[in-house]
Amino acid sequence: MKISTFTFLAALASIATSPMTFADSEPALEEVVVSGLRPAAADNTAASIAVLDEQLIRDIANTHFEELTYQVPNLNWAGGVSRPRYFQIRGIGERSQYEGAPDPSVGFIIDDMDFSAMGGIATMFDTQQVEVLRGPQGTRYGANALAGLIYVKYQDPTATPEFDVTASVGSDASHSLGAVAGGAVTDTLSLRAVIHSQEADGFRDNAFLQRSDTNGRDEFSARIKARYVPNDAWQVDLSTLLVDLDNGYDAFAVDNSFT
C-alpha cells in the first residue's frame, strides 16, 4: 500500500503537536513546601512524606492531631492517656511505656520546638500544615527521629490584618470556641494571637461512680507568634505555646461496652 508524502508529513505533524496541546490543557498543580526537612518542594525530596494541608485539616473538623493520624498510612499512636503521647511509623516507635525512651524513635516537632514523647500537646486549631516523614531523619534531628518525624506548623504572622472566630457544638455535650487575631504592629513587626477551648462529657458511663463524664475532655490552648523583619537579610521568629489538657481517662470495660 502506497502512502503519499503529504499524508506521511501530516501524520508526523499531528503526533508532534499532540503532547504540547495536551500539556497546555492540564491544570497547574500548586507547589507544596515541606518544612520538616530543609525547606524544599515536596517533589524534590527523596524522603517518603505525607503532607496534610490546611484545607484537609479544616474539612476533617478535628481539634487534635489524634484525629489526623487516621489519614496517614503507616502511622499509629499509643499512650495510655486521653491523648496520644507516643507515635509509631512503619511499626517502629515507643508504645505505652509511660517512662518513655531517652531518645524517642519518632520525633515530634511543633514550629521547630521539640515535643517528642509529648504528642498530647498538638491541638490543631489554626494549623497551616502537618508533615509526616517516614524513615530515619537523623541528618537534621539526630537520635530523636530514627523511625521518622512528625512536623506541625501553625499559621505564621502576616502584615495583613486578620480576625476570625469559630464555634462548634456536638454530641456528648461537646462545644468549642476559638479566636484568631493578627496583623502588623509596626513596619517591621507582625503578631498573631490564637486562643481555643473545647469541652465534652465523653461517651462512656461509669456505673460505679454514677457519672457520665469520667472520660470527658477539657482542653485549652493559646499561642502567640511574632515575626520581626528589620531588613531584607534578617528575619526573627518567636513562638510561645500554652496547652492545658484537663481530661479524664476512663476507657475500659470488662464486657467491651461503653459502660
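The structure presented is a predicted model; accordingly, all values stated were derived computationally and were not measured.

A word on the overall build of the chain. Regarding its fold elements, the chain presents 4 helices and 14 strands. Counting all 259 residues of the chain, 36% fall into the buried class. Put simply, 53% of the contacts in the chain that link residues at least 6 apart link residues at least 24 apart. When the accessible surface of the chain is totalled, it reaches about 15700 Å², and 56% of it is carbon and sulfur.

Time to look at the sheet that holds strand 7 (residues 113-114). A sheet is described by the order of its strands in space; here 5 strands give the open sequence 3-8-9-6-7, paired in mixed fashion. Pairing within the sheet leaves two strands with one partner each, and these edge strands are strand 3 (48-53) and strand 7. Relative to strand 8 (residues 127-134), strand 3 runs antiparallel, the two sharing 6 bridges. In the strand pairing of strand 8, Ser-48 is matched with Arg-134.

Let's shift gears to the side chain of Thr-214. Within the element layout of this structure, Thr-214 appears in the loop between strand 12 (189-200) and strand 13 (217-231). A polar contact is formed between the side chain of Thr-214 and the side chain of Asp-250, at a distance of 2.7 Å. Ignoring any residue separated from it by four or fewer positions in sequence, one finds Thr-214 in contact with Asp-201, Asn-206, Leu-209, Gly-248, Tyr-249 and Asp-250.

In total, this model carries 13 salt bridges according to the counting rule given. Between Arg-83 and Glu-67 there is a salt bridge whose closest N-O contact spans 3.2 Å. Of this pair, Arg-83 sits in the loop between strand 4 (75-78) and strand 5 (86-89) while Glu-67 is found in helix 3 (residues 65-68), placing the two residues 16 residues apart along the sequence. Arg-83 gets classed as buried once you look at its relative accessible area, which sits at 2%.

Further remarks concern the pairing of strand 13. Along a regular strand, successive side chains alternate from one face of the sheet to the other. The pairing of strand 12 with strand 13 spans 12 bridges and is antiparallel. Residue pairing for strand 13: Val-194 is matched across the bridge by Arg-223. Relative to strand 14 (residues 234-245), strand 13 is paired through 11 bridges, and the arrangement is antiparallel. Pairing of Arg-223 across the sheet is with Leu-241, part of strand 14. Connecting the antiparallel pair strand 13 and strand 14 is a turn made up of 2 residues.

Conventions used here
Residues numbered from 1 in each chain as written. Predicted model: local features only at pLDDT ≥ 70, side-chain atom pairs only at ≥ 80, totals over all residues. Heavy atoms only, no water. Helix = DSSP H or I, 4+ residues; strand = E, 2+ residues; numbered from the N terminus. Buried < 20%, exposed > 50% of the residue type's maximum accessible area, 1.4 Å probe, protein only. Contact = heavy atoms within 4.5 Å. Areas by Shrake-Rupley, 256 points an atom, 1.4 Å probe, with all protein chains shown as cover. Pairing = 2+ DSSP bridges. Polar contact = N/O pair within 3.5 Å; in protein donor to acceptor, adjacent residues only side chain to side chain. Salt bridge = Lys/Arg side-chain N within 4 Å of Asp/Glu carboxyl O.

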